[in-house]
Amino acid sequence: MATKAGVVTPPASAVEQQDRETVFDIFRRWGYLQASLDPLGQYLPPEPFPTPAPEGEAAAEARKFYCDTIAAEFMHIPSPEQRQWLQERMEQTPPAADQKLILTQLIRAEIFEQVIQSRYLGTKRFSLEGLTALIPFLDRVLAVSAGYGVTKSVMGMSHRGRLNVMTNTIGRKATEIFTKFEDVDPRSTMGGGDVKYHIGATGEYRSPDGKVIALHLASNPSHLEAVDPVVLGRARAKQERIGKGGKDAVLPMIIHGDAAFAGQGILAESLNMATLHGYNVGGTIHVIVNNLLGFTAIPEESNSSRFSSDIAKRLPIPIFHVNAEDPDAVVRIAALAAEFRHRFHSDVVVDLVGYRRHGHSEVDDPTVTQPRRYAIIKDHAPLYQIYAKRIGVDPAAEVQQIQQEFLDDQKAATKAEHVPLLRTMPDYWDAYKGGELLPGDEVSTGLSSERIHELVLALTRYPSDFHIHPKVKKLFEQRAEMGAGLKPFDYGMAELVAYASLLEAGTLVRLTGQDSQRGTFNQRHSVMVDTETEVKYSPLSHLSKDQGRFEVYNSLLSEAAVLGFEYGFARDYPEALVLWEAQFGDFANGAQVIIDQFIASSEMKWGLLSGIVMLLPHGYEGQGPEHSSARIERYLQLAANDNMQICQPSTAAQYFHLLRRQVMRSWRKPLIVFTPKSMLRHPDASSSLAEFAKDRFQNVLPDNEVVNPRRLLVCSGKVGHNLRMERAKRKDMGVGIIFVEQLYPWPKEELQAALDQHPGAEEIVWVQEEPANMGAMSYVMPLLRRLAGDRAVLSVKRSPSATPATGSAKAHDMEEKTLIDLAFGA
């Protein structure tokens, strides 16, 4: 070793190695900018590196790894272990691919589409042609994952290639898919059902060594990325059902379109769930089926950066781009993605870059908007032909055989008489039903005073060394008095007692939302925080040895993704009480796509039930347009076919019975609950210990305090308490007040009985806080008239308005005084 002026000079080999590493590091960071990704050579041209690109032998070697048909972005990952793992696998000779299997899969994918095109010309199918490499990709992901112990996979995808995946990956018979094109037995789906490329499917994947993965492709609406959080929620539920090792056994995989991945905000919300405790699923494999077009929009119109996947760079996860016309590279990255997910329990994004042979759908003419690209596509051979030539195989005989199989399947479909069901429901749905509620479906939800007291004692216990906040300690003392019958129950305690009673029976209770542990209005305190250590403690998790699991999570600041996740969780945990709470009820409008496309319509469209509960704080207290109304009218507009329950419990005990009813009935429907704000602790809405022993939730609360009133006020929620307090103030017992606790399904018999209890009342008045164009009025008035007989039916409400409420507290008070006066006929 030579020295000069005290400086040690490393051996030449070490210098060369250092130089090589420096060169390679540049390509690891920037090689993806010069990879060959667009099979048509039109988009994604090479970009210069931000630093000078080196030349020479080391550069040529590095370019082979990072600038060919695979581009890898991983140097933004902070974990040295993960970066090292990825670069070692990128910088090695690729393993030999099963080219015969790949060719067969490509042929099947292409010929499936061609048979549909020839037999159902002009019918939408959203072809996979141009990206048929997705089929061998999925096969390889599942094969490798099976080796790591995956036994279930929940998949989500929009319409592009969906029918192909159903047949060639999920394993549904082609005859079943072709029968959907025949549209047999239309009377069976009148007013319901869905188009063929939205419907879900179940099946099995069997690996070469015999391992089986149960596959579930979730139903998905046209809102392309809306299914993302639903898939994550379903995967989490399946993982929790398994328990230990669940995240290794259940693989979530979501297939996206390029423009949707870049453009739809719910995708960004869903990505943000990746490592959050309440939503982590052990890593999701995201696959972008990238045809470099969004309907008719080219990439520069769809995303602001080079790749549609760039939104994922907010996370410390690898992103791979692969030229979809290099199937060997595609399956190599499929294996790497599956291995990375298993080893690091991390998300992975794979961007399969191809093209779209036809228009957005097969009825579009894409030459109008992309004439140059489609001139190239017109003369571009199908991938299976390109690949067969590359590997030196004549595919003619296999093509003819597969084509004949599909033609025979199509012929059989023309003779079908019934719509095929593409799924098998899990056994845990056997005990539950949808459709119409029958009298025999009702259950008793009451508990004795002694049992309530026992639960309250458990709910007010905490470890002796726990440093409880003085205000919380005082609250617990008050709650203990409630359990002893010395103080009426408020909503917060009634809710916790309902949860405790269900947990003691072995039920899982899961509640999420912004600030849900404490409660937006400081009403819940389901979790306490040690004032010295900030360690959290929940009495609901320490009730008894064999209790159900209690989960309460303060959610990320999102409505759409969080509600979608909880809907998905409820889909695969029907015996659980799964609740999502909006911080204020109108914030739910940020999740409207989940409400419209899944919660309200999934039974009618897909025959799928859910017991998801939405807690929506509602009530007019002068807090302005965004903190007053939970938009009751929107849910009532969606209500039909007994698709959901819409309730506004007016007392703490009513809320208790409603929550228990949701779990204890076998009738599984979404439950929309308008919860109070200012009435959470109000004496008029509080309940005695005896009220918890009542048999069940009452859909209508009749007025038993008045005799022969002149006028009956019918209402729901907080306004009823305002009316009761005003009646007491005026000492006017000539006015009866009836609470409608369940708005849908409409409680016809119960309300009729409450009205008939006071036959002398000449007027029936619907009273609501909301403006005339909002609230329940438009829904209620025609129904109320049918029950009123020859009695007059009037309404009292705020004037029609484009906004739910005034922003002035004083204006609110003036409006409310006028409303109350009108209700009493002043």
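In this text the structure is predicted, and so the values were computed from the model without any measurement.

**Q** Summarise the environment of Leu459; cite the residues concerned and give the values.
**A** With respect to the element layout, Leu459 can be found in helix α17 (residues 449–459). A relative accessible area of 5% places Leu459 in the buried class. Each C-alpha atom, one on Leu459 and one on Gln623, is 32 Å from the other, the two residues being 164 residues apart in sequence. Setting aside anything within four residues of it in sequence, one finds Leu459 in contact with Phe476, Met493, Leu496, Val497, Ala500, Pro539, Leu540 and Leu543.

**Q** With reference to specific residues and values, describe the environment of Arg549.
**A** Positionally, Arg549 belongs in the loop between β13 (536–537) and β14 (550–554). Here the alpha-carbon distance between Arg549 and Gln478, two residues 71 residues apart in the chain, equals 26 Å. A distance of 2.5 Å separates a polar atom in the side chain of Arg549 from a polar atom in the side chain of Glu240.

**Q** With reference to specific residues and values, describe the side chain of Asn722.
**A** Looking at where Asn722 falls in the secondary structure, it is placed in helix α25 (residues 718–730). The class of Asn722 is buried, set by a relative accessible area of 13%. Every residue in contact with Asn722, bar those within four places of it in the chain, is listed here: Glu769, Glu816 and Ile820.

**Q** So what's going on with the packing of aromatic side chains? Which residues, and what values?
**A** The way to describe two aromatic rings as a pair is by their centre distance and the angle between their planes. Counted according to the given criterion, the structure contains 28 aromatic pairs. The interplanar angle of 80° and the centroid separation of 5.3 Å between the aromatic rings of Phe27 and Phe49 together place this pair among those described as edge-to-face. On the criterion of sequence distance, the pair formed by Phe27 in helix α1 (residues 12–30) and Phe49 in the loop between α1 and α2 (57–66) is long-range, its members being 22 residues apart. For the pair Phe27 and Phe49, one class covers both residues: buried. Connected via pairs of aromatic rings, a cluster forms that spans Tyr462, Phe466, Phe476 and Tyr537. Directly above the aromatic system of Phe569 lies the positively charged group of Arg510, at a separation of 4.8 Å from the ring centroid.

**Q** Pulling in residues and values, what's your account of the state of the cysteines?
**A** Overall, the coordinates contain zero disulfides when judged by the stated rule. With no disulfide of its own, Cys715 has Cys647 as its nearest cysteine by sulfur position, at a separation of 15 Å.

**Q** Outline unusual backbone geometry, supporting the account with residue identities and numerical values.
**A** Across the junction of Tyr744 and Pro745, the peptide omega takes the value -10°, indicating a cis bond. Mapping Pro745 onto the fold places it in the loop between β22 (742–744) and α26 (748–756). With phi around 60°, Glu534 is a residue other than glycine that occupies positive phi space. Mapped onto the fold, Glu534 is located in the loop between β12 (528–529) and β13. The exposure class assigned to Glu534 is exposed, which follows from its relative accessible area of 63%. Its identity is not glycine, yet Asp642 carries a phi of approximately 50°, on the positive side. Here Asp642 lies in the loop between α23 (632–638) and β17 (645–647).

**Q** Quick rundown of the confidence of the model for the chain? Include the residues and the values.
**A** Mean pLDDT over the chain stands at 95; residues scoring 70 or higher make up 98%. Here residues 1–9 is modelled with pLDDT under 50, and outside its nearest four sequence neighbours on either side it reaches five contacts, counting other chains as well.

**Q** Help me get a handle on the pairing of strand β5 (residues 201–206), residues and values and all.
**A** Where β5 meets strand β6 (residues 212–217), six bridges bridge the pair, whose relative direction is antiparallel. Each residue of the ladder has a partner; that of Tyr205, found in β6, is Ile213. As consecutive antiparallel partners, β5 and β6 are separated by five residues, and within that stretch Gly210 has a phi angle of approximately 90°, a positive value.

**Q** Please set out the sheet that holds strand β11 (residues 509–513) residue by residue, giving values where relevant.
**A** To summarise the sheet geometry, strands pair through backbone hydrogen bonds and adopt either a parallel or an antiparallel arrangement. Within the open sheet, the seven strands sit side by side as β14-β11-β15-β16-β18-β17-β22. Their pairing is mixed. Every interior strand has two partners, whereas the edge strands, β14 and β22, have only one. The sheet shows a mean angle of 20° between the axes of neighbouring strands, direction not considered. One ladder, built from five bridges, connects β11 with strand β15 (residues 577–581); its direction is parallel. In the sheet register, Arg510 faces β15, and the bridge partner there is Val578. Along the sheet, helix α24 (residues 652–664) contacts β15, β16 (613–617), β17, β18 (671–675) and β22; its crossing angle with β18, the most-contacted strand, is approximately 165°.

**Q** Go over the sheet that holds strand β10 (residues 348–353), please, and point to the residues and values.
**A** A sheet is described by the order of its strands in space; here eight strands give the open sequence β3-β9-β10-β8-β7-β4-β6-β5, paired in mixed fashion. The two strands at the open ends of the sheet, each matched to only one other strand, are β3 (70–73) and β5. Across the sheet, the mean angle separating the axes of adjacent strands is 20° when strand polarity is ignored. Summarising the sheet, strand β7 (residues 250–257) and strand β8 (residues 285–290) pair through five bridges and their orientation is parallel. Across the sheet, residue His256 finds its bridge partner in β8, namely Ile288.

**Q** Tell me about the pattern of salt bridges, residues and numbers included.
**A** Within this structure, the stated rule accounts for 46 salt bridges. In this structure, Glu88 and Arg89 form a salt bridge, with 3.9 Å as the shortest nitrogen-oxygen distance. For Glu88, a relative accessible area of 42% translates into the label partly exposed. Overall, Arg89 belongs to the partly exposed group, its relative accessible area being 24%. Across the pair Arg510 and Glu551 runs a salt bridge whose closest N-O atoms are separated by 2.8 Å. Linking Arg510 in strand β11 with Glu551 in strand β14, this pair joins segments that are 41 residues apart in sequence. Taken together, the shared-partner salt bridges connect Arg236, Glu240, Arg510, Arg549, Glu551 and Glu566 into one network.

About the criteria used
- Residues numbered from 1 in each chain as written.
- Predicted model: local features only at pLDDT ≥ 70, side-chain atom pairs only at ≥ 80, totals over all residues.
- Heavy atoms only, no water.
- Helix = DSSP H or I, 4+ residues; strand = E, 2+ residues; numbered from the N terminus.
- Buried < 20%, exposed > 50% of the residue type's maximum accessible area, 1.4 Å probe, protein only.
- Contact = heavy atoms within 4.5 Å.
- Polar contact = N/O pair within 3.5 Å; in protein donor to acceptor, adjacent residues only side chain to side chain.
- Phe/Tyr/Trp six-rings, centres within 6.5 Å; stacked < 30°, edge-to-face > 60°.
- Lys NZ or Arg CZ within 6 Å of the ring centre and 35° of its normal.
- Disulfide = S-S within 2.5 Å.
- pLDDT = per-residue confidence, 0-100.
- Pairing = 2+ DSSP bridges.
- Axes fitted to C-alpha atoms, helices over the stretch in contact; angles between N-to-C directions.
- Salt bridge = Lys/Arg side-chain N within 4 Å of Asp/Glu carboxyl O.

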